[in-house]
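Descriptive analysis of the structure
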Amino acid sequence: MPRYAQLVMGPAGCGKSTYCSNIVKHCEVLKRSVQVVNLDPAAEHFDYPVYADIRELIQIDDAMEDEDLHFGPNGGLVFCMEYLMQNLDWLHEQLDDVEDDYILFDLPGQIELYTHIPVMRQLVDSLQNWNFRVCGVFLLDAQFLIEPSKFVSGILTALSAMVSMEIPHVNVMSKLDLLSKKDRKGLERYLEPDVKSLLTEEFDDKKFGHRFKALNTAMASMIDDYSLVTFLPLDPNDEDSINNALIQIDNAIQYGEDLEPREYREADDISADDDSGMD
């Protein structure tokens, strides 16, 4: 039987832990059991039960306070994740004990971990070797909708993670509850963006020059022509949006296909019990 995993990614402060909490609570309503593994050594507080925590193996303070290492926050985080890759037996042991087959991995937000070093790809390869079907879930929060250039930078970040991980990938626009009614009306243009038109609206050719326009055009064409990045809306106050995001992710990793025969058998057993009680 395969197991299933979501790798929850995104910039710092985009709501990854809140997303995990919302999915756990939503699945409780659906009578689905989901566990969360924290792989962010700098995390402090959680609004969900943590099944396994990387801080039991190593904490970012261990790297930053070491007299020989003298790492800053970013260097300390890279050191912690590389230490995890050198001690994957710890993670394998934690996952072997879990009875549920659906795991959310709450990951750090530093983009260097996805673009500059291979630790996250190594994590994916290990999970797949352990019979996990893995989906990347990349979150951008509503603050990226303030201006088109910021939104495009978020798109490129999501795209770099998508290319680096090489797994089924779903992009989610989070914290939509923070948007005003006026901003919500223009939301559709960001969920399936026409990047070229967004950049044209913000940048004046006369002010920024021909070369800058050519760079913007090249980036926009790369994203638009291949429809590489689209977003699902996620409002934590709207159960339908949470459910829709979960359905899209489940479809990406084919969750439930092997559960249907078992569910049918259980339904048949219940029906048979009811029929026998009628005599």
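What counts as what
Residues numbered from 1 in each chain as written. Predicted model: local features only at pLDDT ≥ 70, side-chain atom pairs only at ≥ 80, totals over all residues. Heavy atoms only, no water. UniProt positions renumbered as here; feature names shortened; annotations may be inferred. Helix = DSSP H or I, 4+ residues; strand = E, 2+ residues; numbered from the N terminus. Buried < 20%, exposed > 50% of the residue type's maximum accessible area, 1.4 Å probe, protein only. Contact = heavy atoms within 4.5 Å. Areas by Shrake-Rupley, 256 points an atom, 1.4 Å probe, with all protein chains shown as cover. Phe/Tyr/Trp six-rings, centres within 6.5 Å; stacked < 30°, edge-to-face > 60°. Pairing = 2+ DSSP bridges. Axes fitted to C-alpha atoms, helices over the stretch in contact; angles between N-to-C directions. Salt bridge = Lys/Arg side-chain N within 4 Å of Asp/Glu carboxyl O. Arc of directions from axis to C-beta. pLDDT = per-residue confidence, 0-100.

- Per an unreviewed UniProt entry, the protein chain goes by the name GPN-loop GTPase 3 and belongs to Pomacea canaliculata.
- Quoted verbatim from the Sequence similarities (unreviewed entry) field of UniProt, the annotation for the protein chain is "Belongs to the GPN-loop GTPase family."

1. What about the overall build of the protein chain?
- Looking only at helices and strands, the protein chain features 13 helices and seven strands.
- Counting only residues that meet the buried cut, the protein chain has 46% of its 279 residues in that class.
- Of all intrachain contacts in the protein chain linking residues separated by at least 6 positions in sequence, the fraction that spans at least 24 positions is 74%.
- Accessible area of the protein chain: about 14900 Å², with a carbon and sulfur share of 47%.

2. Observations regarding the packing of aromatic side chains
- Summed over all chains, the structure comprises nine aromatic pairs.
- Aromatic pair tyrosine 4 and tyrosine 102: ring centres 6.4 Å apart, planes at 25°, arrangement stacked. Placement of the pair is tyrosine 4 in strand β1 (residues 3-9) and tyrosine 102 in strand β4 (residues 102-106), with a sequence separation of 98 residues.
- By relative accessible area, which is 1% here, tyrosine 102 ends up buried.
- On the numbers, 5.6 Å between centres and 35° between planes, the contact of phenylalanine 71 with phenylalanine 79 is tilted.

3. A word on the pairing of β4
- With five of five residues buried, β4 lies mostly within the body of the structure.
- Alternating positions in β4 separate into two faces, Tyr102, Leu104 and Asp106 on one and Ile103 and Phe105 on the other, with burial throughout.
- Two elements, strand β2 (residues 35-38) and β4, share four bridges in a ladder whose sense is parallel. If you follow valine 37 over to β4, its bridge partner there is phenylalanine 105.

4. Concerning the environment of leucine 228
- Here leucine 228 shows up in the loop between α11 (205-226) and β7 (232-233).
- Along the sequence, leucine 228 and glutamate 192 sit 36 residues apart, while their C-alpha atoms lie 9.9 Å from each other.
- Setting aside chain neighbours within four positions, we find leucine 228 in contact with Leu159, Met162, Met222 and Ile223.

5. A short note on the sheet that holds β2
- Spatially, seven strands are ordered β3-β2-β4-β1-β5-β6-β7 in an open sheet, and the strand pairing comes out parallel. Looking at which strands have only one partner, the edges of the open sheet turn out to be β3 (52-53) and β7.
- One ladder, built from seven bridges, connects β1 with strand β5 (residues 132-141); its direction is parallel. Residue pairing for β5: valine 8 is matched across the bridge by valine 137.
- On the sheet, helix α6 (residues 119-129) packs against β1, β4 and β5 and is oriented at approximately 145° with respect to β5.

6. Details of the pattern of salt bridges
- Inspection of the entire model under this criterion finds five salt bridges.
- For arginine 32, the salt bridge goes to aspartate 250, with nearest N and O atoms at 2.8 Å. With arginine 32 in the loop between α1 (16-29) and β2 and aspartate 250 in helix α12 (residues 239-252), this pair connects stretches of sequence that are 218 residues apart.
- Residue arginine 32 is classed as buried on the basis of its relative accessible area of 17%.
- A relative accessible area of 8% means that aspartate 250 is categorised as buried.
- Residues joined in a network through salt bridges with shared partners are Arg121, Asp125 and Glu166.

7. Looking at α6
- Those residues of α6 not exposed but buried are Val119, Met120, Leu123, Val124, Ser126 and Leu127. One side of α6 carries all its buried residues, which in axial view fall inside an arc of 165°.
- Within two residues after α6, asparagine 131 carries a phi angle of roughly 75°, on the positive side.

8. Topic: the environment of glutamate 44
- Note that glutamate 44 resides in the loop between β2 and β3.
- The class of glutamate 44 is exposed, set by a relative accessible area of 63%.
- Once the C-alpha coordinates of glutamate 44 and arginine 55 are considered, the two residues, eleven residues apart in sequence, prove to be 9.7 Å apart.

9. Thoughts on the confidence of the model for the protein chain
- Residues with a pLDDT of 70 or more make up 86% of the protein chain, whose mean pLDDT is 84.
- Predicted confidence in the protein chain is weakest over helix α13 (residues 260-276), with a mean pLDDT of 48, and strongest over β4, with 96.
- Here residues 261-268 scores under 50 on pLDDT; set against residues more than four positions off or in separate chains, the count is zero contacts.

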